[in-house]
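Here are the chains, one letter per residue:
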Amino acid sequence: MKKGLNYKTTKDIKVSKKIIDQVIGQDKAVELMRKSAEQRRHVLLIGEPGTGKSMLGIALTELIPKEKLVDVVSFANPDDENMPLVRTMPAGQSRALVQKARLESMNLFKNQNIFFFILIIIASLFPWYLWRKGVIPDVVYAASLITSILLVIGFMLAINLGRRQSEKVKVPKTIVDNFKKQQAPFLDATGAHAGALLGDVLHDPFQSGGLGTPAHERVVAGMIHKAHMGVLFIDEISTLQPHTQQELLTALQEGKYPITGQSERSAGAMVRTEPVPCKFIMIAAGNVETIKNLHPALRSRIRGYGYEVYMDETIPDTPKNRDKIAVFVAQEVTKDEKIPHFKKEAVEAVIEMARRMANRKGRLTLRLRELGGLVRAAGDIAIGEDKKNLVEKEHVLKAKIPARPLEQQIADEYIDRKKEYEVIKVTGKQIGRVNGLAVIGGGAMSSGIILPIESEVTPGGKGNKIIATGKLGEIAKEAVTNVSAIIKKFFGMDIKGKYDIYVQFLQTYEGVEGDSASIAVATSVISALKKIPIKQNIAMTGSLSVRGEVMPIGGVSSKVEAAIDTGISSVIVPKANVKDIVVDKKKLSKIKIIPVETIVDVLKESLDWSGKQQILKQIVSAG
């Protein structure tokens, strides 16, 4: 059985120089990458940002068997100037070819210039000779001298320009240069426009009159051509225009793709080269939304000739995986080269943050880019405190503040502002008012906020559903509507035709989406309907089914932390979510966690039933 890491600081942890060994926690993806390298398969990586997609792409270049790289050269086509010829040759040889052609052209220019220099001398001396012999007068001599020189210069310029243009056409151009490259090329085409990706032909405003640049010299290879025999990585591939994805598909199918001008208004649009080789392995990446916007034929090509991989976002919290996070910290220190190594206690603090960011009990996050931000922030703090030798636990704890994501900073400002104006109440009792909980942001970047909700019930019944305000999304609206089923179940009454019920999400300028506030809405409405006060020192979160069951929700750790920071003394959460709460023990001791399974449990805990026990019995009986 393999023993765990034994280290006092991250300096004791060996960091592999191979990028594939530096990929943390993505064992399934690493295995498929090895297969892809052996068989030259394409790969589509789908997952959240920061989980190692680009790292896997770079690592693939290390795994690809060494191939014979080639240079690609464009030549003038004597039969059709708008269709340059394309030839390949062993890597590095194109430079010698181009240099040789350029030297030959220069020698011709040199010989030509000597000839014209001699001609100018003769043209200058002949009138002088006649003048000296008295054959011509002074005025004629001067005029003849000037005329002779101008004629020679004009003739020289005309001949020289034509000859220069002719010789220029004969000099080829290297469009893919692999001089001294030993490893397969890796091209990151993320965000590249069509010209950069597929190649382009530069515009020539002097294309006529003999002054223009030959077509073969205006050819620019695209990333697909430069990645020949290597790897082309494209993150957020669905952001490419549909026609660009279609042309990329053609390149994948044919293994070669001609270069033409990408702008239809450019002179380059008239030029189209012979097909240029582009046999590359494509690593496409993106998130779940990418699947919807990816060209179906392109995805089919990848799937049919490669693999699709969904990146893991978390790994089990085991000793082996905790060691992987320690290795990650050591890697970040080594890569950064500006921060000191971490003590073991500091690494353990980073591991605790990995638990917190996983948002699930017994898991560690694999969104390592954000975790790396914490590592660097802690290192910077250690240096700032003149403790450049090692990073300690206290530095990691302090780093949580500057390393906070924008969502957390916004949430902190939100809570402070609401407390200042007493929008959030944490003491006393009030009818129809409840402290709900919500999150802003998503995934590991989410942060909790208090969401005050108020309800009012009035006679009327003109409406046939509960009216809610507060910039609600569709799911939130449906969750509010479902509360009417609970009311009918508990009290045997249909609100339609009897009451108008108004629910307000107070000052939710940011908007509300999701159904995690539905138990709070139900509690608020029942309180307003039956005039039963709600304890304001309690906050709650949970999804409510039409049968009154409390369902699990996301972001429970962030929500609990928000309740603690606000001064709430108790928080109601779905029982299924209790295991997902990952909050510092010292901080968690400041609040009471109340797990619930049904709306009846919620109402028992959150409402003040003094003098209203009969209604409680009715609810319990109906529930």
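Above this text is the structure in question.
Anyway, here's the lowdown on the structure attached to this text.

Cut-offs and rules
- Residues numbered from 1 in each chain as written.
- Predicted model: local features only at pLDDT ≥ 70, side-chain atom pairs only at ≥ 80, totals over all residues.
- Heavy atoms only, no water.
- Helix = DSSP H or I, 4+ residues; strand = E, 2+ residues; numbered from the N terminus.
- Buried < 20%, exposed > 50% of the residue type's maximum accessible area, 1.4 Å probe, protein only.
- Contact = heavy atoms within 4.5 Å.
- Areas by Shrake-Rupley, 256 points an atom, 1.4 Å probe, with all protein chains shown as cover.
- Axes fitted to C-alpha atoms, helices over the stretch in contact; angles between N-to-C directions.
- Parallel < 35°, antiparallel > 145°, perpendicular 65-115°, else oblique.
- Left-handed = near helix turned anticlockwise from the far one by under 90°.
- Pairing = 2+ DSSP bridges.
- Nonpolar A, V, L, I, M, F, W, Y, C, P; charged D, E, K, R; others polar.
- Core = buried A, V, L, I, M, F, W, Y, C linked by side-chain atoms within 4.5 Å.
- Phe/Tyr/Trp six-rings, centres within 6.5 Å; stacked < 30°, edge-to-face > 60°.
- Lys NZ or Arg CZ within 6 Å of the ring centre and 35° of its normal.
- Arc of directions from axis to C-beta.
- Salt bridge = Lys/Arg side-chain N within 4 Å of Asp/Glu carboxyl O.

**Looking at the overall build of the protein chain**
Working step 1: Helices and strands together make up the secondary structure of the protein chain, namely 22 helices and 27 strands.
Working step 2: Relative to its full complement of 623 residues, the protein chain shows a buried share of 47%.
Working step 3: Within the protein chain, contacts between residues separated by at least 24 positions form 74% of all contacts whose residues are at least 6 apart in sequence.
Working step 4: Here the protein chain displays about 31,400 Å² of accessible surface, and carbon together with sulfur accounts for 54% of that area.

**Quick notes on the packing of helix α17 (residues 483–491) against helix α18 (residues 518–530)**
Working step 1: Relative orientation of the contacting elements α17 and α18 amounts to 50°, with a least axis distance of 10 Å. Viewed along their axes, α17 and α18 adopt a mutual orientation that is oblique. Handedness of the crossing formed by α17 with α18: right-handed. Contacts between α17 and α18 involve Val 483, Ile 487, Phe 490 and Phe 491 on the former and, on the latter, Ser 518, Val 521, Ala 522, Val 525, Ile 526, Leu 529 and Lys 530.

**Overview of the pairing of strand β11 (residues 281–286)**
Working step 1: For β11, a buried count of 6 out of 6 residues is recorded, marking the element as mostly surrounded by other parts of the structure.
Working step 2: Neither face of β11 is open: one carries Ile 281, Ile 283 and Ala 285, the other Met 282, Ala 284 and Gly 286, and all of them are buried.
Working step 3: Strand direction decides the pairing type here: strand β1 (residues 42–46) and β11, joined by 4 bridges, are parallel. Paired with Leu 45 across the bridge in β11 is Ala 285.

**Here we look at the packing of helix α11 (residues 319–336) against helix α13 (residues 368–384)**
Working step 1: Here α11 crosses α13 at 65°, and the two axes come no closer than 10 Å. Once α11 is placed against α13, the crossing between them reads as right-handed. For the pair α11 and α13, contact is made by Ile 325, Phe 328, Val 329, Glu 332 and Asp 336 and by Leu 368, Leu 371, Gly 372, Val 375 and Arg 376, respectively.
Working step 2: Looking at the contact of α11 with α13 residue by residue, the class counts come to 6 nonpolar, 1 polar and 3 charged.

**Some thoughts on the sheet that holds β1**
Working step 1: Ordered in space as β5-β8-β11-β1-β12, the 5 strands form an open sheet in which the pairing is parallel. Two strands bound the open sheet, and with one partner strand each, they are β5 (186–188) and β12 (306–310). With direction set aside, neighbouring strand axes in the sheet form an average angle of 15°.
Working step 2: Bridge count for β5 against strand β8 (residues 231–234) is 3 bridges, and the pairing is parallel. Paired with Leu 187 across the strands is Leu 232, a residue of β8.
Working step 3: Strands in contact with helix α3 (residues 53–63) are β1, β5, β8 and β11; relative to β8, the strand with the most contacts, it is inclined by about 175°.

**Some words on the sheet that holds strand β4 (residues 173–176)**
Working step 1: One open sheet holds the 3 strands; their spatial order is β3-β2-β4, and the pairing between them is antiparallel. At either margin of the open sheet sits one strand with a lone partner, and together these are β3 (85–90) and β4. Pairs of neighbouring strands in the sheet enclose a mean axial angle of 35°, with direction left out of account.
Working step 2: Here 6 bridges tie strand β2 (residues 70–75) to β3, and the two strands are oriented antiparallel to one another. Across the sheet, the residue bridging to Phe 75 is Leu 85, located in β3.

**What to know about the nonpolar core**
Working step 1: Counting 42 residues, the largest nonpolar core has Ile 453, Phe 490 and Ile 599 as the members making the most contacts within it.
Working step 2: Element by element, the count of residues in this core is highest for α18, at 8 residues.
Working step 3: Listed in part, the 33 residues of the second largest apolar core include Ile 24, Ile 315, Ala 326 and Ile 339.

**Some remarks on the environment of Val 219**
Working step 1: Inspection of the secondary structure puts Val 219 in strand β7 (residues 219–220).
Working step 2: Overall, Val 219 belongs to the buried group, its relative accessible area being 0%.
Working step 3: Distance in space between the C-alpha atoms of Val 219 and Ile 259 is 7.3 Å, their sequence separation being 40 residues.
Working step 4: The residues contacting Val 219, other than those within four sequence positions of it, are Pro 84, Lys 173, Ile 175, Asp 200, Val 201, Ile 259 and Thr 273.

**Describing the side chain of Asn 321**
Working step 1: Following the sequence through the fold, Asn 321 ends up in helix α11.
Working step 2: Here Asn 321 falls in the buried class, since its relative accessible area comes to 8%.
Working step 3: Those residues in contact with Asn 321 that lie beyond four places of it in its chain are Ile 315, Pro 316 and Leu 364.

**A look at the packing of aromatic side chains**
Working step 1: Across all of its chains, the model carries 1 aromatic pair by this definition.
Working step 2: Positioned above the aromatic ring of Tyr 305, the side-chain terminus of Arg 301 is 4.0 Å from the ring centre.

**Details of helix α19 (residues 556–566)**
Working step 1: Counting buried positions along α19 yields 10 of 11 residues, so the element is predominantly enclosed.
Working step 2: Taken as a whole, α19 has its buried residues at Val 556, Ser 557, Ser 558, Lys 559, Val 560, Glu 561, Ala 562, Ala 563, Ile 564 and Thr 566.
Working step 3: Directly after α19, the chain includes Gly 567, whose backbone phi takes a positive value near 100°.

**As for helix α10 (residues 296–304)**
Working step 1: Every buried residue of α10 is accounted for by Leu 298, Arg 301 and Ile 302. Down the axis of α10, the smallest arc covering the buried residues is 95°, so these residues share one side. Within α10, the exposed residues directed more than 90 degrees away from the buried face are Pro 296 and Gly 304.
Working step 2: If you follow the buried residues of α10, they end up packed against β1, α8 (242–254), β11 and β12.

**Structural notes on unusual backbone geometry**
Working step 1: Of note, the phi angle at Glu 236 is positive, near 50°, even though the residue is not glycine.
Working step 2: Tracing the chain through its elements places Glu 236 in the loop between β8 and α8.
Working step 3: Residue Glu 236 is classed as partly exposed on the basis of its relative accessible area of 30%.
Working step 4: Even without being glycine, Glu 337 reaches a positive phi, approximately 65°.
Working step 5: Secondary-structure assignment places Glu 337 in the loop between α11 and β14 (341–342).
Working step 6: Using a relative accessible area of 70% as the deciding quantity, one classes Glu 337 as exposed.

**Here we look at the pairing of β8**
Working step 1: Side-chain alternation along β8 places Val 231 and Phe 233 on one buried face and Leu 232 and Ile 234 on a second face that is also buried.
Working step 2: Where β8 lies against β11, 4 bridges are found, and the strand directions are parallel. In the strand pairing of β11, Leu 232 is matched with Met 282.

**Side note on the pattern of salt bridges**
Working step 1: Enumeration according to the criterion identifies 22 salt bridges in this entry.
Working step 2: Among the ionic pairs, Asp 21 bridges to Arg 34, the shortest N-O distance being 3.8 Å. Of this pair, Asp 21 sits in helix α1 (residues 19–22) while Arg 34 sits in helix α2 (residues 27–39), and the two are 13 residues apart along the sequence.
Working step 3: The class of Asp 21 is partly exposed, set by a relative accessible area of 39%.
Working step 4: Given a relative accessible area of 37%, Arg 34 falls into the partly exposed group.
Working step 5: The closest approach of N and O atoms between Glu 352 and Arg 355, which form a salt bridge, is 2.7 Å. Pair noted here: Glu 352 and Arg 355 are both in helix α12 (residues 344–358), with a separation of 3 residues, about one helical turn.
Working step 6: For Glu 352, a relative accessible area of 31% corresponds to the partly exposed category.
Working step 7: Among the charged side chains, a salt-bridge network with shared partners connects Asp 317, Arg 322, Glu 352 and Arg 355.

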